[in-house]
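# Descriptive structure summary
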Amino acid sequence: MTTMPADLLGGHLDALGAAVATGRLPDRAALDGYRAAGTRAAELGVPLRALVDAALAAGEKLDSAVVVPALRRAVSALMEGYEQAQLSAIRGEEEARREFVDDLLLGRAERLAERAEHFGLRLAESYAVAVARGLSPDSGELGRIERDLVARFGSHNVLVAVRDGLLVCVAPATLPAALGEFTHHVRTRFPPGWRIGTGRPQRGPGGVVASYREAAGALDLADRLGLRLDVVKAADLLVFPVLLRDRAAMEDLVTSVLSPLTRARGGHEPLLETLEAIFASHGNQTAAARRLGISPRAVTYRLERIRRLTGFSPDDPTQRFTLETAVLGARLLEWPWS
């Protein structure tokens, strides 16, 4: 426990003596002095209770009716200064935390490892990142989620923050349950409409950035592909960045294979949805029909139209791969293009 400096309340007894002698309560200048003493006590780490006890003990040495109201004013000013110092420290900590999170997720490495230790991260380890979108957590909700995670996994294992409209959770790769717990809290605390993306574990400060970008990228891919999953793992979507690496080749494939569908009566979208349902159902037309909410006969009819228009059939293994890749490319590139 921090010892209270002897001079911290040096003028307190004199102020009380003046109040007894004059019958007047401490004036503005005296109260400002008490506030300054309270601020200094907070900065020195003196417990508030010890500060108040010392102030009250001085009043016990005096016997006057004016001592009690004078003490009340003095203690109130001391507490005000103390609380203002604490509030200022909290705000400074929050600002430092925001700056650290920004630097961490943007890969700005200045004193990053040293600052990370202060916030509970050891950046020599491997970390994975999860991001949640579609929710508006207030500071209280965010604090509760972080407190719950810290209570279970320890203060040196998780970091929860908000950045770019995303709720971000950083956890060691050795604690995969932490991201599962994060998902659980999002699922139970927020209404439907949210989606979580998770990045792969990566090592070091640059690994946190890479995992964060993978997690955010997984959300973007899920949107473009029309996936209905609440939780999207970047590890499950690794093929798609590969497909997009040669954009010109992918655009050529989509145009060559799917452009005839734009001439279909009713447009291309029902036929694309039918192909997606067939691929998701592993070629089972009855299951695809259930997904689409139509009859198996309608699915058969649509597949025949696709075969006639494009020359490709999902029943042929080679043609199925070409069709599926073209459909994925169409979703990723938001085809048809204007």
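Described below are features of the structure shown in this document. (Residues numbered from 1 in each chain as written. Predicted model: local features only at pLDDT ≥ 70, side-chain atom pairs only at ≥ 80, totals over all residues. Heavy atoms only, no water.)

### Focus on the nonpolar core
Core analysis: the biggest nonpolar cluster contains 33 residues, and Phe240, Leu258 and Leu275 have the highest contact counts within it. Of all the secondary structure elements, the ones that give two or more residues to this core are helix 8 (204–225), helix 9 (239–245), helix 10 (247–258), helix 11 (269–280), helix 12 (285–292), helix 13 (296–310) and helix 14 (317–332). What Phe240 contacts, discounting residues up to four positions off in sequence, is Leu221, Leu225, Leu328 and Leu332. Ala130, Leu142, Ile145 and Val158 belong to the second largest nonpolar core, which has 20 residues in total. (Core = buried A, V, L, I, M, F, W, Y, C linked by side-chain atoms within 4.5 Å. Buried < 20%, exposed > 50% of the residue type's maximum accessible area, 1.4 Å probe, protein only. Helix = DSSP H or I, 4+ residues; strand = E, 2+ residues; numbered from the N terminus. Contact = heavy atoms within 4.5 Å.)

### Things to note about unusual backbone geometry
Of note, the amide linkage connecting Trp335 to Pro336 takes the cis form, showing an omega dihedral of 5 degrees. Tracing the backbone shows Pro336 in the segment after helix 14. The backbone phi angle of His282 is positive, close to 55 degrees, even though this residue is not glycine. Among the secondary structure elements, His282 is positioned in the loop between helix 11 and helix 12. Given a relative accessible area of 72%, His282 falls into the exposed group. Non-glycine residue Glu334 carries a positive phi angle of around 55 degrees. Tracing the sequence through the fold places Glu334 in the segment after helix 14. By relative accessible area, which is 57% here, Glu334 ends up exposed.

### Section: the pattern of salt bridges
Counted by the stated rule, this structure contains 14 salt bridges. Across the pair Glu214 and Arg200 runs a salt bridge, and its minimum N-O distance is 2.5 Å. Here Arg200 lies in the loop between strand 4 (195–198) and strand 5 (202–203) and Glu214 lies in helix 8, a separation of 14 residues in the sequence. Look at Arg200 and you get partly exposed, because its relative accessible area is 32%. A salt bridge links Arg224 to Asp220, with the shortest nitrogen-to-oxygen separation between them at 3.0 Å. On the criterion of helical spacing, the pair formed by Arg224 and Asp220 is a turn pair, its members being 4 residues apart in helix 8. According to the relative accessible area criterion, Asp220 is partly exposed, its value standing at 37%. (Salt bridge = Lys/Arg side-chain N within 4 Å of Asp/Glu carboxyl O.)

### Focus: the side chain of His268
Here His268 shows up in the loop between helix 10 and helix 11. Setting aside anything within four residues of it in sequence, one finds His268 in contact with Leu261, Thr262, Trp335 and Pro336.

### As for empty space enclosed by the protein
A complete count under the given rule lists 1 cavity of 30 Å³ or more for this structure. The computed volume of the largest cavity comes to approximately 30 Å³. Contributing to the lining of the largest cavity are Val101, Leu104, Leu105, Leu159, Val160, Ala161, Val168 and Val170. Listed by contribution, the elements that provide at least two residues to the lining of the largest cavity are helix 4 (67–106), strand 2 (159–163) and strand 3 (166–172). (1 Å grid on protein atoms, 1.4 Å probe; cavity = no way out; pocket = protein on both sides within 12 Å on 5 of 7 lines; lining within 4 Å. Points joined across faces, edges and corners; volume = space filled by probe spheres on them.)

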